[in-house]
Amino acid sequence: MMVCMQILGYIGSPSQWFILAVVCLVVFGASRLPDLARNLGKSLGILHKAKREFEEELLKAQNPTPPPSPAADAEVPEELKAQAQAEQQASQAADKSPQA
């Protein structure tokens, strides 16, 4: 990319761009220039898409998702289940009791 920018840096004035356009017309012809520009645009689109996909894959490889912890898969003991159920029933009973 830097090489391209350096080359374009030398072609800066409008007269130089005009000369470049005339040379392109002479070399490729007026009928082929739209086709060349269209194909160049498609190629650049494909290149940008491939670059984006490569960057996404690179980020995925650098930051893999951690595997789930074994504690998350462990079963809850029956004592804790019973205690949680009793607390839930107690809170429901307290909500239903009339308040003075």
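See above for the structure.
Residues numbered from 1 in each chain as written. Predicted model: local features only at pLDDT ≥ 70, side-chain atom pairs only at ≥ 80, totals over all residues. Heavy atoms only, no water.

*Asks:* Provide a residue-level description of the overall build of the protein chain, including the pertinent values.
*Replies:* The number of helices and strands found in the protein chain is five helices and zero strands. Of the regular secondary structure in the protein chain, the N- to C-terminal order runs α-α-α-α-α. Classification of the 100 residues of the protein chain by burial places 0% in the buried group. (Helix = DSSP H or I, 4+ residues; strand = E, 2+ residues; numbered from the N terminus. Buried < 20%, exposed > 50% of the residue type's maximum accessible area, 1.4 Å probe, protein only.)

*Asks:* Describe a negative patch on the surface, naming the residues involved and giving the relevant values.
*Replies:* There is a patch of like negative charges on the surface, built from Glu53, Glu55, Glu56 and Glu57. Along the chain, Glu55 turns up in helix H3 (residues 33-62). Classification of Glu55 by relative accessible area gives partly exposed; the value is 42%. (Patch = residues over 30% accessible without salt bridge, like charges linked within 9 Å, V, L, I, M, F, W, Y side chains within 5 Å. Areas by Shrake-Rupley, 256 points an atom, 1.4 Å probe, with all protein chains shown as cover. Salt bridge = Lys/Arg side-chain N within 4 Å of Asp/Glu carboxyl O. Lys, Arg positive; Asp, Glu negative; His and termini not counted. Charge placed at Lys NZ, Arg CZ, Asp CG, Glu CD.)

*Asks:* Hey, could you go over a nonpolar patch on the surface for me, with residue numbers and the actual values?
*Replies:* Taken together, the side chains of Phe18, Ile19, Val22, Val23, Val26, Val27, Phe28 and Leu36 make up a nonpolar region of the molecular surface, amounting to roughly 750 Å² of accessible area. The element contributing the most residues to the nonpolar patch is helix H2 (residues 14-28), with seven residues.

*Asks:* Describe the pattern of salt bridges, and please don't skip the residues or the numbers.
*Replies:* Evaluated as defined, the whole model comprises one salt bridge. Among the salt bridges present, the one from Asp35 reaches Arg38, with a minimum N-O distance of 2.8 Å. A residue pair is termed a helical-turn pair when its members lie 3 or 4 positions apart in one helix, as Asp35 and Arg38 do in helix H3 at three residues. Judged by its relative accessible area of 38%, Asp35 is partly exposed.

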